[in-house]
Amino acid sequence: QGMGVGTLVCHPALEQPIRDVMNAWVKLEGQRTPHNVVPLEHNGELEIKNHVYLRGFETVHTVASMGFVVVERRSKLKPEFINLPQEKLLELKNRGEQITQTIEIPLICYTGDTYGGEHFDRDDVLNAQILITECTFLEKEHRERASVGKHLHIEDILQLLERSKAKALVLTHLSRRTHMGLARRRVAEVVPPQHRDRVYLLMDNRTNRARY
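Here the structure is a predicted model, which means the values were calculated and not measured.

Asker: Looking at this structure, how should I read the pattern of salt bridges?
Answerer: Two side chains that carry opposite charge are able to pair once their charged atoms sit near each other. According to the stated counting rule, one finds 15 salt bridges in the structure shown. Residue Arg-19 is joined to Glu-15 by a salt bridge in which the shortest nitrogen-to-oxygen separation is 3.1 Å. Of this pair, Arg-19 and Glu-15 both sit in helix H1 (residues 15–29), four residues apart, which is roughly one turn of the helix. Among the salt bridges present, the one from Arg-73 reaches Glu-45, with a minimum N-O distance of 2.7 Å. Pair noted here: Arg-73 is in strand E5 (residues 66–77) and Glu-45 is in strand E3 (residues 45–49), with a separation of 28 residues, a long-range link. Connected via shared salt-bridge partners are Glu-45, Arg-55, Arg-73, Glu-104, Arg-122 and Asp-124.

Asker: Sorry if this is basic, but what is going on with the nonpolar core here?
Answerer: Burial of nonpolar side chains together is a common tendency in soluble globular proteins. Judged by nonpolar contacts, the single largest core of 25 residues is most densely connected at Cys-109, Leu-131, Ile-157, Leu-169 and Leu-171. Listing elements by their share of this core, those giving two or more residues are E5, helix H3 (123–126), helix H5 (154–163), strand E8 (168–172), helix H6 (180–190) and strand E9 (199–201). Of the residues forming this core, the biggest block, four residues, is contributed by H5. Within the second largest apolar cluster, five residues are counted, among which are Val-9, Leu-40, Leu-54 and Met-66.

Asker: How should the sheet that holds strand E4 (residues 52–58) be read in this particular structure?
Answerer: Spatial strand order, E3-E4-E5-E6-E7-E8-E9: seven strands in an open sheet with mixed pairing. Pairing within the sheet leaves two strands with one partner each, and these edge strands are E3 and E9. The mean angle between the axes of side-by-side strands here comes to 30°, regardless of whether they run parallel or antiparallel. Here strand E7 (residues 130–134) runs beside E8; their pairing, made up of five bridges, is parallel. Considered in E8, the bridge of Glu-134 is made with Thr-172. Those strands touched by H5 are E7, E8 and E9, and its axis lies near 165° from that of E8.

Asker: What am I meant to see in a nonpolar patch on the surface here?
Answerer: On the surface, a nonpolar cluster with roughly 330 Å² of combined accessible area is contributed by Val-21, Trp-25 and Leu-28. The topology assignment puts Trp-25 in helix H1. Look at Trp-25 and you get partly exposed, because its relative accessible area is 42%.

Asker: It is not clear to me how the pairing of E8 should be interpreted in this structure. Could you clarify?
Answerer: If a strand is regular, its side chains alternate between the two faces of the sheet. Within E8, five of the five residues are buried, which leaves it mostly tucked inside the rest of the structure. In E8, alternate side chains face the same way, and those of Ala-168, Val-170 and Thr-172 on one face and Leu-169 and Leu-171 on the other are all buried. Across three bridges, the pairing between E8 and E9 is parallel. Opposite Leu-171, over in E9, you have Leu-201 as the bridge partner.

Asker: Any chance you could explain the side chain of Thr-136 here in plain terms?
Answerer: Inspection of the secondary structure puts Thr-136 in the loop between E7 and helix H4 (143–149). Separated by 3.1 Å, the side chains of Thr-136 and His-151 make a polar contact. There is a polar contact of 3.0 Å between the side chain of Thr-136 and the side chain of His-173. Those residues in contact with Thr-136, other than ones at most four positions away along the chain, are His-151, Leu-152, His-173, Leu-174 and Ser-175.

Asker: Whenever I open this one, the side chain of Asp-124 confuses me. Can you help?
Answerer: Tracing the backbone shows Asp-124 in helix H3. In this structure the side chain of Asp-124 is engaged in a polar contact, spanning 3.0 Å, whose partner is the side chain of Arg-55. Apart from residues lying up to four places away in sequence, Asp-124 is in contact with Arg-55, Val-69 and Pro-106.

Asker: Where do I start with the environment of Leu-169 in this structure?
Answerer: Within the secondary structure layout, Leu-169 lies in strand E8. A relative accessible area of 0% places Leu-169 in the buried class. Counting along the chain gives 12 residues from Leu-169 to Ile-157, while the straight-line C-alpha distance between them is 9.1 Å. When residues no more than four places from it in sequence are discounted, the contact partners of Leu-169 are Leu-131, Thr-133, Ile-157, Leu-160, Leu-161, Arg-198, Val-199 and Tyr-200.

What counts and how
Residues numbered from 1 in each chain as written. Predicted model: local features only at pLDDT ≥ 70, side-chain atom pairs only at ≥ 80, totals over all residues. Heavy atoms only, no water. Salt bridge = Lys/Arg side-chain N within 4 Å of Asp/Glu carboxyl O. Helix = DSSP H or I, 4+ residues; strand = E, 2+ residues; numbered from the N terminus. Core = buried A, V, L, I, M, F, W, Y, C linked by side-chain atoms within 4.5 Å. Buried < 20%, exposed > 50% of the residue type's maximum accessible area, 1.4 Å probe, protein only. Pairing = 2+ DSSP bridges. Axes fitted to C-alpha atoms, helices over the stretch in contact; angles between N-to-C directions. Contact = heavy atoms within 4.5 Å. Patch = residues over 30% accessible without salt bridge, like charges linked within 9 Å, V, L, I, M, F, W, Y side chains within 5 Å. Areas by Shrake-Rupley, 256 points an atom, 1.4 Å probe, with all protein chains shown as cover. Polar contact = N/O pair within 3.5 Å; in protein donor to acceptor, adjacent residues only side chain to side chain.

Shape descriptors only; they carry no functional weight alone.
In C-alpha cells:
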C-alpha cells in the first residue's frame, strides 16, 4: 500500500514473542509483512532524527514492560560565556575551550501499562512536556483491583500531577467497564481546579474537541 516498513520497539524479553506472533500471521495470511523489531534495554536509546532520541525505561507491571520518552538534545552556550562578543567566543573556541553544553529536553513521555514505582521519579518523566500515562481505575472501591493488576488508580494520578511539570497529562487505558460520562465526573470531582486544565482523557473525543 505504499507504506514503509514498520518498526516495533520493545522490552528485550518481548522480542522473541513478538517475532513468534508475526511468524504466525504468515501462516494465516499467506504472506510475510515486512517489519523491524528493535529490543531496547533499560535507558537504551534509539535515534529518531538528528538530535532527537527515543529512550526506554523499565516500568512495573504483571509482565515485562517499558515506558518511553522522546528527548531532544540541544547545544547551548555555557552561562559564563553568554555576554561575550562573537570574536571572543571564536578566540576561546580556537584555543580549545569548551564553550557550549548539551541540554536535554524531554518532549513526550509514554508509560504504557504500569503500576507506581521508581520510574515516576525520573527527571525525564517528570519534566516531559506531555506525559501520557495509564489510569485504568477511577472508582474509589477499585483501589485494590488496581494494585492486584499492577495498574494506576486516579489517586496515583493526583500525586503525579503535583510532581509533573507536563503541560498536558493524558490518561489512557480506562477500564472498559468505565463509562466516559463517569470518567469525566470522577476527574472533575477528584482533580483539584488548578490541575484540571492539564488533564485529558485520550478517548474523550467530545470534550477534547470542545477544548480545542
